[in-house]
Amino acid sequence: MTFSGLKDDSLQPNADADAPIPMPSTAVAQITAIIVDDEQLAREELRYLLDSTGSVEVLAEGSNGIEAVELIAEHQPDVVFLDVQMPGLDGFAVLKHLMEQGGGQRLPQVIFATAYDQYAVRAFDVNAVDYLLKPFDRNRILQALDRTRARLLDNGQEGGGSLLNPGLLGNASRSSSRGTEAGINSLLEMLHRQQSAPAASSKPPSKLIVQVQSRLLLVDQAEICYAAIEEGTIRVVTPTVEGHSKCRTLEDLLELLDPNLFWRAHRGFVVSINHIREVVPWFKSSYQLRMDDRKQTEIPVSRAQTRRLRELFNL
């Protein structure tokens, strides 16, 4: 289906989806995985992308934290793709439960999935626990898998299904496993502090530089309707001005914007919540956003972001 000249590709591969995906530089046997996400469409999208690599066997899928704990115990995968925000046990609570449960087995590698909260994403990087930002990016998944394989090799596992008993590992591997758990503990502490701490005193700049031809304009964030990336260039639109940002990616732009006002509704768009004029129901329970710029641009909401839309406006 087509929206304003763009395809909603949140569940569909890119144009080169049928082309062979280059394998990571670390050559190991096939690894096993479990996907846990309360959104079925997000699970289907991630499974499609993992299957397309030809190097990951998805053993099972779960829709909440309780199922995650049970599936991990049953299948003992190499890696778990774990949604951050789920009913019951959230992703962090699942990880905490696994650490406390122990049972003489090394923890699986954990790759978090998150639709928003770029500050948590930074914490994942600092603590060497990987993440995937929704909507999923195929190249980013390959990077996460490459990092996972390297971790498995460091821990003494050559790929395959079951986890290794730490008692069978050498001193170096046991030390690596302890280091991984220490990193996870540190991550949890950082996230809990962030959740309980008052709003940080440092706020994103209230104005953004937008280039309009040869002029560099300072545009108030409150005036920005949306931003879109087209052929590597980010276009910024307000009710009166349309220009370009110097940012290279939408992720870079989001770091400059107020997370309470701006939302990445689609892989190619960031929208201001305050400038959404109308939510338009579309095919197969999908939606478009009609903005209040001069053209009343219609922006697709990816299927992975439909839940966020419903949360924002109580749909």
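Everything below is about the structure printed above this text.
Residues numbered from 1 in each chain as written. Predicted model: local features only at pLDDT ≥ 70, side-chain atom pairs only at ≥ 80, totals over all residues. Heavy atoms only, no water.

## Considering the sheet that holds strand E4 (residues 56-62)
Stage number 1. Spatially, five strands are ordered E4-E3-E5-E6-E7 in an open sheet, and the strand pairing comes out parallel. Each edge of the sheet is formed by a strand with only one pairing partner; in this case those strands are E4 and strand E7 (131-133). Along the sheet, successive strands turn relative to each other by an average axial angle of 20°, direction set aside.
Stage number 2. Judged from the four bridges that link them, strand E3 (residues 31-36) and strand E5 (residues 79-83) form a sheet pairing that is parallel. Among the inter-strand pairings, alanine 33 is bridged to a residue of E5, identified as valine 79.
Stage number 3. Those strands touched by helix H1 (residues 40-53) are E3, E4, E5 and E7, and its axis lies near 165° from that of E4. (Pairing = 2+ DSSP bridges. Helix = DSSP H or I, 4+ residues; strand = E, 2+ residues; numbered from the N terminus. Axes fitted to C-alpha atoms, helices over the stretch in contact; angles between N-to-C directions. Contact = heavy atoms within 4.5 Å.)

## A short note on the packing of helix H2 (residues 65-75) against helix H3 (residues 91-101)
Stage number 1. Packing of H2 against H3 brings their axes to within 10 Å, and their N-to-C directions diverge by 40°. Here H2 is positioned oblique relative to H3, judged by the angle of their axes. Judged by the twist between their axes, the crossing of H2 over H3 is right-handed. In this structure, H2 uses Gly65, Ala68, Val69 and Ile72 to contact H3, whose residues at the interface are Val94, His97, Leu98 and Gln101.
Stage number 2. A breakdown of the residues in the contact of H2 with H3 according to their chemical character gives five nonpolar, three polar and no charged. (Parallel < 35°, antiparallel > 145°, perpendicular 65-115°, else oblique. Left-handed = near helix turned anticlockwise from the far one by under 90°. Nonpolar A, V, L, I, M, F, W, Y, C, P; charged D, E, K, R; others polar.)

## A short note on the sheet that holds strand E15 (residues 276-281)
Stage number 1. A sheet is described by the order of its strands in space; here three strands give the open sequence E15-E16-E17, paired in antiparallel fashion. A strand with exactly one partner marks an edge of an open sheet, and here the two such strands are E15 and strand E17 (298-301). Each adjacent strand pair in this sheet contributes to an overall mean axis angle of 30°, direction not counted.
Stage number 2. One ladder, built from four bridges, connects strand E16 (residues 287-291) with E17; its direction is antiparallel. Following the sheet pairing, glutamine 288 is matched in E17 by proline 300.
Stage number 3. Lying over the sheet, helix H8 (residues 306-313) contacts E15, E16 and E17, oriented at roughly 55° with respect to E16.

## Here we look at H1
Stage number 1. In a regular helix each residue adds 1.5 Å, so 14 residues correspond to 20 Å; H1 covers 20 Å between its end C-alpha atoms and thus fits that length.
Stage number 2. Buried residues of H1: Ala42, Arg43, Glu45, Leu46, Leu49, Leu50 and Thr53, and no others. For H1, the buried positions fall inside an angular range of 165° around the axis, keeping them on one side.
Stage number 3. Elements that come into contact with the buried residues of H1 comprise E3, E4, E5, E7 and helix H5 (138-154).
Stage number 4. At the exit of H1 stands glycine 54, carrying a positive phi of roughly 75°. (Expected span 1.5 Å × (residues − 1). Buried < 20%, exposed > 50% of the residue type's maximum accessible area, 1.4 Å probe, protein only. Arc of directions from axis to C-beta.)

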